[in-house]
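Spelled out from the first residue to the last, the chains are:
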Amino acid sequence: MSNSIKGKIVLITGASSGIGLACAKRFAKAGCKLILLARRKGRIESLADELNSKFRTKTLNVVADVRKRKVIADVFLGLPAEWKDISILINNAGLSRGLDKIQDGKYRDWDEMIDTNLKGVLNVTKSVLPLLMKQSMAHIINIGSTAGHEVYQGGNVYCASKFALKALTKGMRIDLLGSNIKVTSIDPGLVETEFSLVRFRGNKQKASNVYKGLKALNGNDVAEAVYFAASRNSNTVIAEIVLMPRSQASSVHVKRY
């Protein structure tokens, strides 16, 4: 059974592109109020204008990097009163850098992935939990990956960060048992967004080759799964959704035409 989430405040990290942007549009369509958090000011301002024009959505734009613990803490301590009633947190901000084998890995890439994909989730969740706990019902939705279920060549540290996020999500669900907060992991496979462009630091040819010969998922496909999990009745927890395009059977088994 579904549950209306109209009017609820939804916080989305990494809202400026890809899955985060698609989630913003899906929850705006459902009548939610949105806190859009991302590093790129111009992108989220443009998105906010689009959502207001199309859905009359109320938004609060937050320009911040989830890796910056004190900045994130200050943001949520200083939220305007009308934006403190956050009901849904979508921890979407994440990235991958490179496909180097472990012996060729770069420290800066490792740090960026771990600091964003794991510590970033911790930073935001820790800061928002006191607000979530004040709601009659709240929900934390972490965007994981099939890379958190199986490792592929060159994926080493990225996969490790997503395995860690999977463990963290389960840990949250256990620690918050008996509270008013649900915890969900949405774990997509190949999704054609800016993900590969970021991984290869702007190399468009390498990025396009990732999706060559197959129809990948898009951000909207994942946003629908996120919305489905968020809109179940109060007694139903969708613990985990793993979704892949039809051309993919696992992180390493892909059919190209």
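Scroll up to find the structure this text is about.
Only a predicted model underlies this, so the values are computations on that prediction, with no experimental measurement involved. (Residues numbered from 1 in each chain as written. Predicted model: local features only at pLDDT ≥ 70, side-chain atom pairs only at ≥ 80, totals over all residues. Heavy atoms only, no water.)

**Student:** Sorry if this is basic, but what is going on with the overall build of the protein here?
**Tutor:** A count of helical and extended segments in the protein gives eight helices and seven strands. For the protein, whose C-alpha radius of gyration is 18 Å, the value lies close to the compact-globule estimate of 18 Å for 257 residues. Principal-axis analysis of the C-alpha atoms gives the protein an extent of 50 × 40 × 35 Å. Expressed as a percentage of its 257 residues, the buried residues of the protein come to 51%. (Helix = DSSP H or I, 4+ residues; strand = E, 2+ residues; numbered from the N terminus. Rg over C-alpha atoms; globule rule 2.2 N^0.38 Å. Buried < 20%, exposed > 50% of the residue type's maximum accessible area, 1.4 Å probe, protein only.)

**Student:** What am I meant to see in helix α2 (residues 41-55) here?
**Tutor:** Count 3.6 residues to each turn of an α-helix, and residues three or four apart come out pointing the same way. Taking 1.5 Å as the rise per residue, α2 with 15 residues should run 21 Å; its terminal C-alpha atoms sit 21 Å apart, in good agreement. Among the residues making up α2, those that are buried are Ile44, Leu47, Ala48 and Leu51. One side of α2 carries all its buried residues, which in axial view fall inside an arc of 100 degrees. In α2, the exposed residues that point more than 90 degrees away from the buried face are Asp49 and Ser53. Buried-residue contacts for α2 involve α1 (18-29), β2 (33-38) and β3 (59-63). Count one or two residues on from α2 and you reach arginine 56, which has phi positive near 60 degrees. (Expected span 1.5 Å × (residues − 1). Arc of directions from axis to C-beta. Contact = heavy atoms within 4.5 Å.)

**Student:** How should I be thinking about unusual backbone geometry in this particular structure?
**Tutor:** Backbone phi values are negative for most residues with the exception of glycine, while trans is the configuration of most peptide bonds. Positive phi values are uncommon outside glycine, yet arginine 56 reaches one of about 60 degrees. Along the polypeptide, arginine 56 turns up in the loop between α2 and β3. Assessed through its relative accessible area of 62%, arginine 56 is described here as exposed. In this structure, arginine 201 takes a positive phi of about 50 degrees despite not being glycine. When you line up the elements, arginine 201 lands in the loop between α6 (195-199) and α7 (204-210).

**Student:** Whenever I open this one, the environment of valine 222 confuses me. Can you help?
**Tutor:** Along the polypeptide, valine 222 turns up in helix α8 (residues 219-230). Taking the C-alpha atoms as reference points, valine 222 and glycine 20, 202 residues apart in sequence, are found 9.4 Å from one another. Contacts of valine 222, omitting those with residues within four sequence positions, involve Ile19, Ile186, Pro188, Val191 and Leu243.

**Student:** Could you clarify how one ought to interpret the packing of aromatic side chains in this entry?
**Tutor:** Between two aromatic rings, the relevant description is the distance of the centres plus the angle of the planes. Summed over all chains, the structure comprises three aromatic pairs. The aromatic ring of tyrosine 227 is capped on one face by arginine 26, whose charged end is 3.8 Å from the ring centroid. For the cation-ring pair, arginine 199 lies above tyrosine 158, with the distance from its terminal atom to the ring centre recorded as 5.4 Å. (Phe/Tyr/Trp six-rings, centres within 6.5 Å; stacked < 30°, edge-to-face > 60°. Lys NZ or Arg CZ within 6 Å of the ring centre and 35° of its normal.)

**Student:** In this structure, what is going on with the sheet that holds strand β5 (residues 138-143)? I would like to understand it.
**Tutor:** The strands making up a sheet associate through backbone hydrogen bonding, with each pair oriented either parallel or antiparallel. In space, the seven strands of this open sheet follow the order β3-β2-β1-β4-β5-β6-β7, with parallel pairing throughout. Only two strands of the sheet have a single partner each, and these edge strands are β3 and β7 (240-243). Sheet twist, expressed as the mean angle between neighbouring strand axes with direction ignored, is 15 degrees. With five bridges joining them, strand β1 (residues 9-13) and β2 adopt parallel strand pairing. Bridged to valine 10 within β2 is leucine 34. The sheet strands contacting α8 are β4 (86-91), β5, β6 (181-188) and β7, and the helix crosses β6 at an angle near 160 degrees. (Pairing = 2+ DSSP bridges. Axes fitted to C-alpha atoms, helices over the stretch in contact; angles between N-to-C directions.)

**Student:** What am I meant to see in the packing of α1 against α2 here?
**Tutor:** Across the interface, α1 lies against α2 with an axial gap of 10 Å and an inter-helix angle of 25 degrees. Relative to α2, α1 is oriented roughly parallel. Note on packing geometry: the crossing formed by α1 with α2 is right-handed. Mapping the contact onto sequence places Leu21, Ala24, Lys25, Ala28 and Lys29 in α1 and Leu47, Glu50, Leu51 and Phe55 in α2. A class-by-class count of the residues in the contact of α1 with α2 yields six nonpolar, no polar and three charged. (Parallel < 35°, antiparallel > 145°, perpendicular 65-115°, else oblique. Left-handed = near helix turned anticlockwise from the far one by under 90°. Nonpolar A, V, L, I, M, F, W, Y, C, P; charged D, E, K, R; others polar.)

**Student:** Would you explain empty space enclosed by the protein in this entry?
**Tutor:** Any empty space left between atoms is shown by rolling a water-sized probe over those atoms. Per the counting criterion, the structure on display carries three cavities of 30 Å³ or more. Secondary-structure elements contributing two or more residues to the lining of the largest cavity are β4 and β5. Of the residues contributing to the lining of the largest cavity, the split by class is five nonpolar, five polar and three charged. Approximately 70 Å³ is the volume attributed to the second largest cavity. Considering the residues around the second largest cavity, the lining is formed by 14 residues, among which Arg97, Asp100, Met113, Gly154 and Asn156 are closest to the centre. Of all elements in the fold, only α4 (107-132) and α5 (156-175) reach the threshold of two or more residues within the lining of the second largest cavity. Looking at the lining of the second largest cavity, the element that brings in the most residues is α4, giving three residues. (1 Å grid on protein atoms, 1.4 Å probe; cavity = no way out; pocket = protein on both sides within 12 Å on 5 of 7 lines; lining within 4 Å. Points joined across faces, edges and corners; volume = space filled by probe spheres on them.)

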